[in-house]
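Listed below, chain by chain, are the residues.
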Protein chains: 2
Amino acid sequence: MTQIVDALAALAQETRLRAYRLLVEAGPEGLPAGRIGEELELPPATLSFHLAHLARTGLVRSRQEGRFVIYSADFRNMNQLVGYLTENCCGGRACAPSTRRTRVRA
Amino acid sequence: MTQIVDALAALAQETRLRAYRLLVEAGPEGLPAGRIGEELELPPATLSFHLAHLARTGLVRSRQEGRFVIYSADFRNMNQLVGYLTENCCGGRACAPSTRRTRVRA
DNA sequence: ATGTTATTTCCATTATTCTGGAAATATGGA
DNA sequence: TCCATATTTCCAGAATAATGGAAATAACAT
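Residues numbered from 1 in each chain as written. Chains lettered and ligands numbered in written order. Predicted model: local features only at pLDDT ≥ 70, side-chain atom pairs only at ≥ 80, totals over all residues. Heavy atoms only, no water.

**Re the protein's contact with DNA strand D**
- With respect to spatial proximity, 21 residues lie near DNA strand D, and among them Gly34, Ser48 and Tyr71 of chain A together with Arg16 and His50 of chain B are the closest.
- Restricting the count to atoms of DNA strand D within 4 Å of the protein gives a sugar and phosphate share of 67%.
- Interatomic distance of 2.8 Å between a side-chain N/O atom of Ser48 of chain A and a phosphate oxygen of DNA strand D.
- In the environment of DNA strand D, a phosphate oxygen lies 2.5 Å from a nitrogen or oxygen atom belonging to the side chain of Tyr71 of chain A.
- At the level of elements, helix H3 (33-40), helix H4 (44-56) and strand S3 (68-73) of chain A together with helix H4 (44-56) of chain B are the ones that each hand at least two residues to the surface near DNA strand D.
- Residues belonging to the surface near DNA strand D are distributed by class as follows: 10 nonpolar, 8 polar and 3 charged. (Near = heavy atom within 4 Å. Polar contact = N/O pair within 3.5 Å; in protein donor to acceptor, adjacent residues only side chain to side chain. Helix = DSSP H or I, 4+ residues; strand = E, 2+ residues; numbered from the N terminus. Nonpolar A, V, L, I, M, F, W, Y, C, P; charged D, E, K, R; others polar.)

Right, here's the structure in full:
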């Protein structure tokens, strides 16, 4: 439960949610921190604070690449989060919307 | 986006998440505030604060019934939230787990 | 009206989170 | 080596959220 609350809190902040979405869009290659700060127009200290927060909860990973630190979305925790919400917070009814996306057959 | 951040923030707090889950379990009839406070062992002011927070975001509704105020989960916003996460934060892959639960633990 | 129970509002205190400048650290290049 | 660039850490101030006692409001019963 602590994990779930932490993941929710990590995303419950506009700057972090925007950063996370950028990284989802960017795909597995991810983006260097500076690129994210540019996109979000954040001073470096603020950016670092939020990226560290996302990384702490495991929603995001980082790897060093030369002078750059590359961040990328880690979907495992997001899967867990969506799974939790679907199973525990939707009262049995279909909570995920019927989008035209990948249908999952169980 | 503000709506999504608000919903996430509402659930990103242990007390509120627990209250919300209780209400999901309780179904459409919901539960009187006092019953929730009893279950969660909260002083009335604290309980009221958190329930009001959930209601403000639309995750929960309340209705007066005699001397009691009955709270119940409103799934519309939860659907929206899960939908948003699935569509915007999962990078195209299936985010909801394919585990089909026949039994929901109480 | 008075009493009892349920819930909320008021308010102050404490705790947590956010913000960003300045300094520190890290890496690569000349 | 020294310099430029990328990112983080340090730190302190500002903003926001959580907590709960006490008083207020609401609803019903006698």
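**Some points on the sheet that holds strand S2 (residues 60-65) of chain B**
All names here are of chain B.
- Ordered by their spatial adjacency, 3 strands build an open sheet running S1-S3-S2, and the pairing between neighbours is antiparallel. Each edge of the open sheet is held by one strand with a lone partner, namely strand S1 (31-32) and S2.
- Pairing between S1 and strand S3 (residues 68-73): 2 bridges, direction antiparallel. Each residue of the ladder has a partner; that of Leu31, found in S3, is Tyr71.
- Relative to S3, helix H2 (residues 14-26) is tilted by about 85°, and along the sheet it contacts S1, S2 and S3. (Pairing = 2+ DSSP bridges. Contact = heavy atoms within 4.5 Å. Axes fitted to C-alpha atoms, helices over the stretch in contact; angles between N-to-C directions.)

**Thoughts on the nonpolar core**
- In terms of nonpolar packing, the biggest core is built from 67 residues, with Tyr20, Ile36 and Met78 of chain A together with Ile36 of chain B touching the most fellow members.
- Non-local contacts of Tyr20 of chain A, meaning those with residues more than four positions away in its chain, are made with Leu11, Leu54, Leu59, Val60, Ala73, Asp74, Phe75 and Met78 of chain A together with Cys89 of chain B. (Core = buried A, V, L, I, M, F, W, Y, C linked by side-chain atoms within 4.5 Å. Buried < 20%, exposed > 50% of the residue type's maximum accessible area, 1.4 Å probe, protein only.)

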